[in-house]
Amino acid sequence: MTSTFLPDKQTGPDTGLPPPSTAAGRERSRRRALNWLTAVGFQLPALVLFGVLVLLPILFALYAAFFRWGGFGMPSDYIGADNFARLVKDPVFLGDLWRCLVLVLLSLAVQLPFALAMAVLLNQKLRGRAVYRMLFFAPYVLSEAITGVLFSMIFAPGDGLADNLLGKVGLDGVGGEWFADPSMVMATLFLVMTWKYFGFHMMLYLAGLQSLPRELTEAALIDGAGPWQRFRSVTLPLLAPTLRISVFLSVIGAIQLFDLVWVITQGGPDHHSETMAVTMFQYGFKRYQVGYASAISVAMFGISLVFALAYQRFVLRRDLQGATTTMRGEGK
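So, how was this worked out
- Residues numbered from 1 in each chain as written.
- Predicted model: local features only at pLDDT ≥ 70, side-chain atom pairs only at ≥ 80, totals over all residues.
- Heavy atoms only, no water.
- Helix = DSSP H or I, 4+ residues; strand = E, 2+ residues; numbered from the N terminus.
- Buried < 20%, exposed > 50% of the residue type's maximum accessible area, 1.4 Å probe, protein only.
- Contact = heavy atoms within 4.5 Å.
- Areas by Shrake-Rupley, 256 points an atom, 1.4 Å probe, with all protein chains shown as cover.
- Lys, Arg positive; Asp, Glu negative; His and termini not counted.
- Salt bridge = Lys/Arg side-chain N within 4 Å of Asp/Glu carboxyl O.
- Axes fitted to C-alpha atoms, helices over the stretch in contact; angles between N-to-C directions.
- Parallel < 35°, antiparallel > 145°, perpendicular 65-115°, else oblique.
- Nonpolar A, V, L, I, M, F, W, Y, C, P; charged D, E, K, R; others polar.

Q: It is not clear to me how the overall build of the protein chain should be interpreted in this structure. Could you clarify?
A: What the protein chain contains, in helices and strands, is 14 helices and zero strands. Reading the protein chain from its N terminus to its C terminus gives the helix and strand order α-α-α-α-α-α-α-α-α-α-α-α-α-α. Within the protein chain, the proportion of its 332 residues that are buried is 34%. Counting only contacts in the protein chain whose residues sit at least 6 apart along the sequence, the fraction spanning at least 24 positions is 63%. In the form shown here, the protein chain has an accessible surface area of approximately 21,000 Å², with 67% of it arising from carbon and sulfur atoms.

This is the structure we're talking about:
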């Protein structure tokens with residue numbers, strides 16, 4: 001018998017076929033290019049909208065801040081950094097910074113602890129807790145305009161609901177001009193803000209509480225830890241990432257607060273409830289000093305950006321590192 005030797009399929013320069021490694025490399029490159037083009041195609045509309053609606057206004061506001069401009073035509077009266085120099089001397093803007101700080105401190109000291117306490121309470125097995133959650137979260141769903149009009153009626157001097165209730169319990173002198181008295185307007189505004197926004201933070205805390213492992217709480221209970229000890233030593237440390245996000249959102253919201261104040265007081269009386277955003281609106285759309293209003297907007301953006309970067313660097317760093325590590329681990 002004779003056997004016929006059949007050579008294996010040859011590749012290389014003698015056969016005209018590319019080596020397997022080269023062909024596979026080209027295929028991988030083609031797939032990577034196709035995936036990249038697909039990703040760009042899906043993201044391009046969002047990037048265009050982000051550039052037109054976010055980046056372009058920011059850059060134009062920065063440009064207009066160096067001009068004395070009334071908002072008509074293109075800016076032409078270049079004044080350099082005079083608008084920013086005016087900012088640091090403007091008592092109204094300096095007062096805005098102080099009021100912003102007061103709102104931040106009150107939010108951290110009153111609003112967020114109150115939201116946390118309600119979240120812990122409604123995380124227990126209570127009859128009708130779903131109804132309570134809905135009622136407490138409902139104010140956040142209302143628009144700021146509706147909330148402003150509602151509380152303008154509630155705190156109306158003399159015939160408002162607040163004054164009527166105080167009068168029935170013999171506290172007629174406590175009420176009065178809630179939003180017209182410089183000594184009361186910020187406290188009243190903060191009361192409205194707490195009613196409006198605490199439900200949002202409460203739902204954040206509820207979501208965080210329901211994601212905590214029950215085994216640790218049960219182990220602490222078996223060890224004899226009381227309710228306060230379990231909350232302080234187990235619940236609070238595990239809830240820390242949610243608390244940090246809540247604090248971040250609360251501070252940014254206080255810096256950018258506008259619509260609620262504008263609907264209720266428009267910054268009055270005599271600037272005592274004015275915020276940076278209200279001042280910017282007043283100068284830009286009431287006094288037609290758009291160049292100075294642009295400088296205020298740039299200052300607001302700078303304050304928010306510096307706070308966000310510092311908060312991410314020093315407070316959220318551990319949370320972000322954990323998320324990055326998890327994503328990398330899942331990608332392996």
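Q: What's the story with the side chain of E274 in this structure? I'm lost.
A: You can see E274 is positioned in the loop between α11 (259–264) and α12 (276–286). Although buried, E274 forms no salt bridge, and the nearest oppositely charged side chain, R99, lies 5.8 Å from it. Not counting residues within four places of it along the chain, the set of residues in contact with E274 comprises V92, D96, R99, G267 and T279.

Q: Could you clarify how one ought to interpret the packing of helix α10 (residues 240–255) against helix α13 (residues 290–314) in this entry?
A: A pair of packed helices is captured by two measures, namely the crossing angle of their axes and the spacing between those axes. Two elements in contact, α10 and α13, have axes whose closest approach is 10 Å; the angle formed by their N-to-C orientations is 170 degrees. Here α10 lies roughly antiparallel to α13, going by the angle between them. Residues R244, V247, F248, V251, I252 and I255 of α10 lie in contact with α13, whose contacting residues are M300, I303, S304, F307, A308 and Y311. The class makeup of the residues in the contact of α10 with α13 is 10 nonpolar, one polar and one charged.

Q: I'm lost on the side chain of H201 in this one. Help?
A: With respect to the secondary-structure elements, H201 resides in helix α7 (residues 185–210). According to the relative accessible area criterion, H201 is buried, its value standing at 4%. Setting aside residues up to four positions removed in sequence, H201 forms contacts with Q111, L112, A115, S246 and S250.

Q: When you look at the pattern of salt bridges in this model, what are you seeing that I'm missing?
A: Note on pairing: side chains with opposite charge can pair once their charged atoms come close. A full pass over the atoms with the stated rule returns five salt bridges. Across the pair R99 and D96 runs a salt bridge, and its minimum N-O distance is 2.8 Å. Of this pair, R99 and D96 are both found in helix α3 (residues 91–122), three residues apart, which corresponds to roughly one turn of the helix. By the burial criterion, R99 is buried, and D96 matches it. Connected through salt bridges with shared partners, the residues E27, R30 and R31 form a single ionic network.

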